[in-house]
Amino acid sequence: SVENFRSPNFPLVAEILEWLVHRFEPTADLPSDIDTEQDRVIFVRSVAQFMAEKAHVKLNTKRLYQADGYSVQEILKGLTLLYSAIQENEGEKDMDDQAETTLNFDVSNKISELKHIRTLASEITRRGATLFDLLCREVDLREIRTSIINRQLELTEVEAGIQTAIHTCEDEGKRNQQAIENVASDEANLDAKIDKKKTGLERGQKRLLTLKKVRPAFMDEYEKLEQDLKRQYEAFVQKFISLSYLENQLDDHDRLEHE
């Protein structure tokens, strides 16, 4: 229980850490004495070093030595790794069982994973080829590197290199300073352009309001034609309904006459 860590409880922390280390490596050799302060420091360092080397888990030795609630957070790093491994193992067993009992396996929901795996395979192949090329060149590069390291440096060459680096830094500093100085002028130009655009926008809005207020000369004729069109449409609809009714009556008359 977490209640056991409300106050420092180093024997319990040591027991859990020992159990955790033995889960990773049953033959691991850890110090057994935790009576003195020095023995506890050695024990915590040994556990942290083992977890870093074998499990690639970085533990905070200071928190482990506190043996309180903070140490629980550090212990959980290793326990989480063990628990995830157990879960994956159980998942693989379930998948094996399903593979034995299922004849038709649907891979449509695994398309994204397959694409990701294909991409990783291509990346691994490419990096492997690059690593192979670099290793092939290592023989020649080792000789060149060794010769350069063993070569006595001339003060004139060192001074020339330093002077070149200084001049490069000075040139870069001048360029940066010039860019900083140009910021003010660029800002002023941008402000001028913004003011010009604002003036044009205001002028356009005023012109739009003016045009909205002005009534076109042909508007009266348009409204008159619109009313006329409305009346004509109503008459058309009435005649269309009458024509449809008369055609229906004619069809009935023709059918009766045919009978």
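Reading guide: rules and limits
Residues numbered from 1 in each chain as written. Predicted model: local features only at pLDDT ≥ 70, side-chain atom pairs only at ≥ 80, totals over all residues. Heavy atoms only, no water. UniProt positions renumbered as here; feature names shortened; annotations may be inferred. Helix = DSSP H or I, 4+ residues; strand = E, 2+ residues; numbered from the N terminus. Buried < 20%, exposed > 50% of the residue type's maximum accessible area, 1.4 Å probe, protein only. Salt bridge = Lys/Arg side-chain N within 4 Å of Asp/Glu carboxyl O. Core = buried A, V, L, I, M, F, W, Y, C linked by side-chain atoms within 4.5 Å. Contact = heavy atoms within 4.5 Å. Phe/Tyr/Trp six-rings, centres within 6.5 Å; stacked < 30°, edge-to-face > 60°. Patch = residues over 30% accessible without salt bridge, like charges linked within 9 Å, V, L, I, M, F, W, Y side chains within 5 Å. Areas by Shrake-Rupley, 256 points an atom, 1.4 Å probe, with all protein chains shown as cover. Lys, Arg positive; Asp, Glu negative; His and termini not counted. Charge placed at Lys NZ, Arg CZ, Asp CG, Glu CD. Polar contact = N/O pair within 3.5 Å; in protein donor to acceptor, adjacent residues only side chain to side chain.

- The chain carries the name Clusterin-associated protein 1 in an unreviewed UniProt entry, which gives Cherax quadricarinatus as its organism.
- Of the chain, the UniProt comment under Subcellular location (unreviewed entry) reads exactly: "Cell projection, Cilium".

1. Let's talk about unusual backbone geometry
Working step 1: Phi at H56 takes a positive value of approximately 55°, unusual for a residue other than glycine.
Working step 2: Within the secondary structure layout, H56 lies in the loop between α2 (37–55) and α3 (61–66).
Working step 3: The class of H56 is exposed, set by a relative accessible area of 69%.
Working step 4: Backbone geometry at A67 places phi at a positive 55°, although glycine is not the residue there.
Working step 5: The exposure class assigned to A67 is buried, which follows from its relative accessible area of 1%.

2. Concerning the pattern of salt bridges
Working step 1: Within the structure shown, the criterion is met by eight salt bridges.
Working step 2: The salt bridge partner of E3 is R6, with a shortest N-O separation of 3.3 Å. Residues E3 and R6 agree in their burial class; the two are exposed.
Working step 3: If you follow the salt bridges from partner to partner, you end up with R63, E74 and K77 in one network.

3. Overview of the nonpolar core
Working step 1: Formed by 22 residues in total, the largest nonpolar core has its most connected members in F10, L17, F43, V47 and M51.
Working step 2: Breaking this core down by element, the ones donating at least two residues are α1 (10–24), α2 and α4 (69–101).
Working step 3: Discounting residues that sit within four places of it in the chain, F10 has contacts with I34, R40, F43, V44, L64, Y65 and A67.

4. A few points about the packing of aromatic side chains
To describe a pair of aromatic rings, you give the distance between the ring centres and the angle between the ring planes.
Working step 1: Across all of its chains, the model carries four aromatic pairs by this definition.
Working step 2: Pairing F10 with F43 gives two aromatic rings, centres 6.4 Å apart and planes at 70°, and the pair type is edge-to-face. One end of the pair, F10, is in helix α1; the other, F43, is in helix α2, with 33 residues separating them in the sequence. Assigned by exposure class, F10 and F43 land together as buried.
Working step 3: When the centroid spacing of 6.5 Å and the interplanar angle of 35° are considered together, the rings of Y233 and F236 count as tilted. Pair noted here: Y233 and F236 are both in helix α7 (residues 219–258), with a separation of three residues, about one helical turn.
Working step 4: Under the relative-accessibility criterion, Y233 is labelled exposed at 54%.
Working step 5: Classification of F236 by relative accessible area gives exposed; the value is 51%.
Working step 6: Each residue in the set F10, F43 and Y65 is aromatic and connected to the rest through ring pairs, giving one cluster.

5. A few points about a negative patch on the surface
Working step 1: On the surface, a cluster of negative charge is made up of E247, D251, D254 and E257.
Working step 2: Positionally, D254 belongs in helix α7.

6. Considering the environment of T168
Working step 1: Structurally, T168 can be placed in helix α6 (residues 155–213).
Working step 2: It is 58 Å that separates the C-alpha atoms of T168 and N89, two residues lying 79 residues apart in sequence.
Working step 3: In terms of polar contacts, T168 uses its side chain to reach the backbone carbonyl oxygen of T164, at 2.8 Å.

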